[in-house]
Amino acid sequence: MSVIHFHAATSSTPAQFIAGLTDFGPGRSKVFKNSADSYLMVHNKSPHQADVTEGSRGIWERLLYDWSDPNRVAAKTIDSNVFGGASGYRYTLTQQPDGTTDVDVIIVREGKNIRGLVLSGVLGTIGKRSLGKAFSNSVKAIEARNAGEAQPTLRPVRTRERADDA
């Protein structure tokens, strides 16, 4: 079993980061390179949970995402062709006084067959660099998504009643 930890700072708020992390629509592969759109299947989604299959290059896993805590996202592997047991991801988001957000992720990889055992070992050693780069790229992609987001401006709004509102 491999347990891998990464840390990054981002200009995204925790809510923005969670929105990017839990966007299971087309184009997910632009944020998460190991989540090819052809593998993506949303089995069930509610306001704070999702049951999603994703993967790429012959490796897939079904994850149960939970983001009911506004500062944490857990994604537990519930089925996979190579991973099982305690496998999954745990993101912790901490808003900083300067407006940035610290993102910590713990990735657990426990192989459930020979291929998974080998892959888990590789990811925990020489593959850690590749996973770190993918994590960094995902953080940057989520930041870029939010870069064009205008900050809300509070101002009075005029309203008028419409006939269908009565």
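Not measured: the values here are computed from a predicted model.

The rules behind these values
- Residues numbered from 1 in each chain as written.
- Predicted model: local features only at pLDDT ≥ 70, side-chain atom pairs only at ≥ 80, totals over all residues.
- Heavy atoms only, no water.
- Salt bridge = Lys/Arg side-chain N within 4 Å of Asp/Glu carboxyl O.
- Helix = DSSP H or I, 4+ residues; strand = E, 2+ residues; numbered from the N terminus.
- Buried < 20%, exposed > 50% of the residue type's maximum accessible area, 1.4 Å probe, protein only.
- Core = buried A, V, L, I, M, F, W, Y, C linked by side-chain atoms within 4.5 Å.
- Contact = heavy atoms within 4.5 Å.
- Phe/Tyr/Trp six-rings, centres within 6.5 Å; stacked < 30°, edge-to-face > 60°.
- Lys NZ or Arg CZ within 6 Å of the ring centre and 35° of its normal.
- Expected span 1.5 Å × (residues − 1).
- Pairing = 2+ DSSP bridges.
- Patch = residues over 30% accessible without salt bridge, like charges linked within 9 Å, V, L, I, M, F, W, Y side chains within 5 Å.
- Areas by Shrake-Rupley, 256 points an atom, 1.4 Å probe, with all protein chains shown as cover.
- Lys, Arg positive; Asp, Glu negative; His and termini not counted.
- Charge placed at Lys NZ, Arg CZ, Asp CG, Glu CD.

Attention shifts here to the pattern of salt bridges. One pass over the full model with this rule turns up five salt bridges. Salt-bridge contacts for Glu 61 lead to Arg 109; the nearest nitrogen and oxygen are separated by 2.6 Å. Of this pair, Glu 61 sits in strand E4 (residues 59-66) while Arg 109 sits in strand E7 (residues 101-109), and the two are 48 residues apart along the sequence. The same class applies to Glu 61 and to Arg 109, which are both buried.

Next up on the list: the nonpolar core. The biggest cluster of nonpolar side chains holds 30 residues, and the ones touching the most others in it are Phe 6, Phe 17, Tyr 65, Trp 67, Val 73, Tyr 91 and Phe 135. The set of elements that each furnish at least two residues to this core consists of strand E1 (2-10), helix H1 (14-21), strand E3 (49-56), E4, strand E5 (72-80), strand E6 (88-95), E7 and helix H3 (128-147). The leading source of residues in this core is H3, at five residues. What Tyr 65 contacts, discounting residues up to four positions off in sequence, is Leu 21, Phe 24, Arg 28, His 48, Gln 49, Ala 50, Val 52, Glu 54, Val 73, Ala 74 and Ala 75.

All told, the structure shown has four aromatic pairs when counted by the stated rule. Seen from their ring centres, Phe 6 and Phe 135 are 5.9 Å apart, and the 20 degrees between their planes marks the pair as stacked. Separated by 129 residues along the polypeptide, Phe 6 in strand E1 and Phe 135 in helix H3 bring together distant segments of the chain. Here Phe 6 matches Phe 135 in class, with each residue buried. Through pairs of rings, three or more aromatic residues link up here, namely Phe 24, Tyr 65 and Trp 67. When the ring centre of Phe 83 is taken as origin, the NZ or CZ atom of Arg 109, which lies over that ring, is 4.1 Å away.

Taking 1.5 Å of rise per residue, the 20 residues of H3 would be expected to cover 28 Å, and the 28 Å separating its terminal C-alpha atoms lies within 8% of that figure. Here H3 has its buried residues at Leu 131, Gly 132, Ala 134, Phe 135, Ser 138, Val 139, Ala 141, Ile 142 and Asn 146. Buried residues along H3 sit against E1, H1, E6, E7 and helix H2 (114-124).

The side chains of a regular strand alternate between both faces of the sheet. Summarising burial for E3: seven of the eight residues are buried, a large majority. Between the antiparallel neighbours strand E2 (residues 41-46) and E3 lie two residues. In this structure, E3 lies alongside E4, joined through eight bridges in antiparallel fashion. Bridge assignment links Gln 49 to a residue of E4, and that residue is Asp 66.

Taken together, Lys 33, Arg 57, Arg 129 and Lys 133 make up a surface patch of like positive charges. As for its placement among the helices and strands, Lys 133 is situated in helix H3.

Turning next to a nonpolar patch on the surface. Taken together, the side chains of Ile 114, Leu 117, Val 118, Val 122 and Ile 126 present a nonpolar region at the surface, about 520 Å² in accessible area. Considering the arrangement of structural elements, one finds Ile 114 in helix H2.

Of the strand pairs in this sheet, E4 and E5 are connected by six bridges, and their pairing is antiparallel. Each residue of the ladder has a partner; that of Tyr 65, found in E5, is Ala 75. Counted between consecutive antiparallel strands, the loop separating E4 from E5 contains five residues. For E5 and E6, the ladder comprises five bridges, and the chain directions are antiparallel. Opposite Ala 75, over in E6, you have Tyr 89 as the bridge partner.

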